[in-house]
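Below, each chain spelled out in residue letters.
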Amino acid sequence: LSYPTNISLSELHLTGIPGLQHLHHWISIPFCIMYLITLAGNSILLCLIKADPSLHLPMFLFLSMLAVIDLVMSTSITPKMLSIFWFHSTAISLDACLTQMYFVHAFSVMESGLLVAMAFDRYVAICNPLRYLSILTSPIVAAIGLATLFRAVVFMSPLTFQIRRLPLCSPAVVDHSYCEHMAVLKLACGDAAFSNTYSLSVSTYVGSFDSLLIALSYLLILRAVLSLSSPQARKKAFSTCGSHLCVMALFYIPGLLSMYMESYHQELPPHIQVLLANIYLLIPPAFNPLIYGIRTKQIRDGARRAISR
């Protein structure tokens, strides 16, 4: 693909997946399928939880928040990505690029915070079941949701403002399939050291702090589960915790890996870096409704009631 080099930097060009442009049509198939699963799965989950009063419990309120975050996060990147793959529509205005960047990064920080809240919810439900509803009251659930939103806005707003202030150089080609912060930062003509350090610090803090809290919750849950007398109850708790931890690993590991590789210029092929960044934004939103939703008995019962009505 050839790009004009004299474009004004009110417009950027996204390359898609560098080095794999000839395979874009094929790569678009799994991406499109995952996006459709994300839309269908999360929308059905939201409708089920809204329609069934027996699902208006803290666990399912957190699940609804996760579904909304997943819908926004994947919708902020996938339609544009598919238009690059299908129609070579690489151009994106600088404002649209910064908006996309803000949504992607802010909503991934929100998702991370919500995964911590959901791990805490499971801890209270399993280790302190009699006080579950008195600990996680509706105002507390709402406050946790607002706290994850507030943290994301506070952490991510400076990133976008810094890039807005930096002069960007031509050719305005971003070697990525969406406006990822580190990839756009490579276009900066000015000193981008502060922006780079800030981005790494926030991602490291969010990734390590949140995953530590999640690990701690699940360790306490496992300790409680191992003291259960019935092997059946132990097996069920292990299978639930196992599937939750797999989704969380898919969310944290590729995201942090792609970002560190990008900032430390590790010799990882560019297409692998971009695919890693895509995996962490596309796979969890498609799998969350299946793992947190369909595998949960109350959701299955709610779906049966809805169908029979």
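Here is what the cut-offs are and how they apply
- Residues numbered from 1 in each chain as written.
- Predicted model: local features only at pLDDT ≥ 70, side-chain atom pairs only at ≥ 80, totals over all residues.
- Heavy atoms only, no water.
- UniProt positions renumbered as here; feature names shortened; annotations may be inferred.
- Helix = DSSP H or I, 4+ residues; strand = E, 2+ residues; numbered from the N terminus.
- Phe/Tyr/Trp six-rings, centres within 6.5 Å; stacked < 30°, edge-to-face > 60°.
- Axes fitted to C-alpha atoms, helices over the stretch in contact; angles between N-to-C directions.
- Left-handed = near helix turned anticlockwise from the far one by under 90°.
- Contact = heavy atoms within 4.5 Å.
- Disulfide = S-S within 2.5 Å.
- 1 Å grid on protein atoms, 1.4 Å probe; cavity = no way out; pocket = protein on both sides within 12 Å on 5 of 7 lines; lining within 4 Å.
- Points joined across faces, edges and corners; volume = space filled by probe spheres on them.
- Nonpolar A, V, L, I, M, F, W, Y, C, P; charged D, E, K, R; others polar.
- Salt bridge = Lys/Arg side-chain N within 4 Å of Asp/Glu carboxyl O.
- Buried < 20%, exposed > 50% of the residue type's maximum accessible area, 1.4 Å probe, protein only.
- Pairing = 2+ DSSP bridges.
- Patch = residues over 30% accessible without salt bridge, like charges linked within 9 Å, V, L, I, M, F, W, Y side chains within 5 Å.
- Areas by Shrake-Rupley, 256 points an atom, 1.4 Å probe, with all protein chains shown as cover.

Another aspect to go through is the UniProt feature "transmembrane region" (unreviewed entry) in the chain. The positions that UniProt labels "transmembrane region" (unreviewed entry) are, in the present scheme, residues 26-48, 60-82, 102-120, 132-154, 205-226, 238-260 and 272-294. Structurally, residues 102-120 is divided into 100% helix and 0% strand, and its ends, taken at the C-alpha atoms, are 27 Å apart. Helix makes up 91% of residues 132-154 and strand 0%, whereas the separation of the span's terminal C-alpha atoms amounts to 30 Å.

The subject of this paragraph is the packing of aromatic side chains. For the structure on display, the rule yields 7 aromatic pairs. Through a chain of ring-to-ring contacts, three or more aromatic side chains come together here, namely Phe-155, Tyr-205 and Phe-209.

Two elements in contact, helix H1 (residues 24-51) and helix H9 (residues 270-294), have axes separated by 9 Å at closest approach and are oriented at 35°. Where H1 crosses over H9, the two elements pack in a sense that is left-handed. Judged by residue contacts, Phe-31, Met-34, Ile-37, Thr-38, Gly-41, Asn-42 and Leu-45 of H1 engage Leu-275, Asn-278, Leu-282, Ile-283, Pro-285, Ala-286, Pro-289 and Gly-293 from H9.

With that out of the way, let us pick up the environment of Val-174. Its place among the elements puts Val-174 in strand S3 (residues 173-174). For the pair formed by Val-174 and Gly-190, sequence separation is 16 residues and the distance between their alpha carbons is 17 Å. Leave out the neighbours within four places in its chain, and Val-174 touches Leu-12, His-13, Leu-14, Thr-15, Ala-183, Val-184 and Leu-187.

With that settled, consider the state of the cysteines. Applying the stated criterion to the full structure yields 1 disulfide. Note on cysteine connectivity: Cys-97 is disulfide-linked to Cys-179, with sulfurs 2.0 Å apart. The chirality of the disulfide connecting Cys-97 with Cys-179 is left-handed, given an S-S dihedral of about -120°. You can see Cys-97 sitting in helix H3 (residues 94-127) and its partner Cys-179 sitting in the loop between S3 and helix H6 (181-185), a full 82 residues away along the chain.

Our next topic: empty space enclosed by the protein. As enumerated under the stated definition, the model contains 2 cavities of 30 Å³ or more in all. In terms of lining residues, the second largest cavity is bounded by Met-59, Leu-63, Met-118, Asp-121, Arg-122, His-244 and Tyr-292. Contributing elements (two or more residues each) for the lining of the second largest cavity: helix H2 (58-87) and H3. A per-element tally of the lining of the second largest cavity places H3 first, with 3 residues. Class assignment of the residues belonging to the lining of the second largest cavity gives a composition of 4 nonpolar, 1 polar and 2 charged.

Here the focus is the side chain of Asn-42. Examined against the element boundaries, Asn-42 turns out to sit in helix H1. If we ignore the near neighbours within four places in the chain, the residues touching Asn-42 are Ile-37, Ala-67, Asp-70, Leu-71, Pro-285 and Pro-289.

This paragraph deals with the pattern of salt bridges. All chains considered together, the criterion is met by 5 salt bridges. Notably, a salt bridge pairs Arg-164 with Asp-95, separated by 3.0 Å at the nearest N-O pair. In this pair, Arg-164 is assigned in helix H5 (residues 138-165) and Asp-95 in helix H3, connecting sequence segments 69 residues apart. In this structure, the salt-bridge partner of Asp-210 is Arg-151, at a minimum N-O distance of 2.7 Å. Separated by 59 residues along the polypeptide, Asp-210 in helix H7 (residues 193-226) and Arg-151 in helix H5 bring together distant segments of the chain. Each of the two residues, Asp-210 as well as Arg-151, counts as buried.

So, about the sheet that holds strand S1 (residues 11-14). The strand order across the open sheet formed by 3 strands is S2-S1-S3, and the pairing between neighbours is mixed. Where the open sheet ends on each side, the last strands, each with one partner, are strand S2 (91-93) and S3. Direction of pairing for S1 relative to S3: parallel, over a ladder of 2 bridges. Directly across from His-13, in S3, lies its bridge partner Val-173.

A few words now on a nonpolar patch on the surface. Together, Leu-23, Trp-26, Ile-29, Ile-33, Ile-37, Phe-287, Leu-290 and Ile-294 give the surface a local cluster of nonpolar side chains, amounting to about 750 Å² of exposed area. Where the nonpolar patch is concerned, the elements lending two or more residues are H1 and H9. The leading source of residues in the nonpolar patch is H1, at 4 residues. Secondary-structure assignment places Ile-37 in helix H1.

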